[in-house]
Amino acid sequence: MLLSKKLCTARELRRCASRVRRLASDLPGFDSVWLDALVQRRVLTSFQARSIEAQEYDRLTIGPSIVLDQVGHGPDSETYLTKLPHERATCIVKRVSVATELRGQTLKRLQRLTERGRHCQHPGVVIPHASRELPPGEHGRRGGPSAGLTTQTRLAIVSRPTEGLTLA
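Caption draft 1: Geometry of the overall build of the protein chain. Summing up its helical and strand segments, the protein chain has four helices and six strands in all. Along the protein chain, helices (α) and strands (β) appear in the sequence α-α-α-β-β-β-β-α-β-β when read from the amino end. Burial statistics for the protein chain: of 168 residues in total, 35% are counted as buried. Across the protein chain, every contact between residues at least 6 apart in sequence was considered, and the portion connecting residues at least 24 apart equals 48%. Total accessible area on the protein chain stands at roughly 11,000 Å², and carbon and sulfur atoms take up 53% of it.

Structure below.
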């Protein structure tokens, strides 16, 4: 699963083998020991390890992006720090649920905002630089208020991360 989601490489797994032997000492190297070793080597984040242990694999990727951490959530949205595989640069992806009948209008407004803000370069203003509708299989958080509703459409809004302290 780690390799298929591109969370680590076979080489990184091999590098963790000695650490797994040390952590497990005389116990067999079960999954959580491997996850601990990968977190200690900074191959995985603690968010990724928790998601894997909880078998919430759908929280590990959004489209082609790998989720590094959850940075916020609300009743109809989740906000994640993500990166593309084999790249260092990170971005923020917000998954939002909107009523299906507002889907077209919402996407048009987001595209207009993206186009108007394309040249805005202020450290205190964050303008989305992309948005798209997510396929039905990318549900995000389980059991949220809109998880069972068929009248909801999921959108992904991509923006740059901000520097500094979080409001939390």
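Caption draft 2: Seen up close, the layout of surface pockets. What the largest pocket holds in volume is close to 550 Å³. Contributing to the lining of the largest pocket are 19 residues, with Val-71, Thr-79, Ile-92, Pro-161 and Thr-162 lying nearest its centre. Only β2 (65–74), β3 (77–83), β4 (90–99) and β6 (152–159) provide two or more residues apiece to the lining of the largest pocket. Considering only residue class, the lining of the largest pocket consists of 10 nonpolar, six polar and three charged.

Caption draft 3: View of the sheet that holds β4. The strand order across the open sheet built from six strands is β1-β2-β3-β4-β6-β5, with neighbouring strands paired in antiparallel fashion. In the strand order of this sheet, the two ends are held by β1 (61–62) and β5 (130–133), each with one partner. The pairing of β4 with β6 spans eight bridges and is antiparallel. Bridged to Ala-99 within β6 is Gln-152. Sheet contacts for helix α3 (residues 46–53): β2 and β3; angle to β2, the most-contacted strand, approximately 90°.

Caption draft 4: Summary view of the side chain of Ser-159. On the secondary structure map, Ser-159 appears in strand β6. Overall, the relative accessible area of 12% leaves Ser-159 in the buried class. Residues in contact with Ser-159, not counting those within four places in the same chain, are Cys-91, Ile-92, Val-126, Ile-127, Pro-128 and His-129.

Caption draft 5: Focus on the pattern of salt bridges. Inspection of every chain in the model, using the stated rule, returns five salt bridges. Among the salt bridges present, the one from Arg-95 reaches Glu-78, with a minimum N-O distance of 3.5 Å. Placement of Arg-95 in strand β4 and of Glu-78 in strand β3 is noted, with a sequence separation of 17 residues between them. The structure contains a network of salt bridges with shared partners spanning Glu-78, Arg-95 and Arg-154.

Caption draft 6: Spotlight on a positive patch on the surface. On the surface, Arg-11, Arg-14, Arg-15 and Arg-41 cluster together to form a positively charged patch. With relative accessibility at 58%, the residue Arg-14 sits in the exposed group.

Caption draft 7: The nonpolar core, seen in detail. Counting 16 residues, the largest nonpolar core has Leu-2, Leu-7, Leu-35, Leu-38, Leu-44 and Ile-52 as the members making the most contacts within it. For this core, the secondary structure elements donating two or more residues are α1 (10–24), α2 (31–40) and α3. For this core, the leading source of residues is α2, giving four residues. Core analysis: the next-biggest nonpolar cluster, separate from the first, contains nine residues, Ile-62, Val-67, Ala-156 and Val-158 among them.

The rules behind each value
Residues numbered from 1 in each chain as written. Predicted model: local features only at pLDDT ≥ 70, side-chain atom pairs only at ≥ 80, totals over all residues. Heavy atoms only, no water. Helix = DSSP H or I, 4+ residues; strand = E, 2+ residues; numbered from the N terminus. Buried < 20%, exposed > 50% of the residue type's maximum accessible area, 1.4 Å probe, protein only. Contact = heavy atoms within 4.5 Å. Areas by Shrake-Rupley, 256 points an atom, 1.4 Å probe, with all protein chains shown as cover. 1 Å grid on protein atoms, 1.4 Å probe; cavity = no way out; pocket = protein on both sides within 12 Å on 5 of 7 lines; lining within 4 Å. Points joined across faces, edges and corners; volume = space filled by probe spheres on them. Nonpolar A, V, L, I, M, F, W, Y, C, P; charged D, E, K, R; others polar. Pairing = 2+ DSSP bridges. Axes fitted to C-alpha atoms, helices over the stretch in contact; angles between N-to-C directions. Salt bridge = Lys/Arg side-chain N within 4 Å of Asp/Glu carboxyl O. Patch = residues over 30% accessible without salt bridge, like charges linked within 9 Å, V, L, I, M, F, W, Y side chains within 5 Å. Lys, Arg positive; Asp, Glu negative; His and termini not counted. Charge placed at Lys NZ, Arg CZ, Asp CG, Glu CD. Core = buried A, V, L, I, M, F, W, Y, C linked by side-chain atoms within 4.5 Å.

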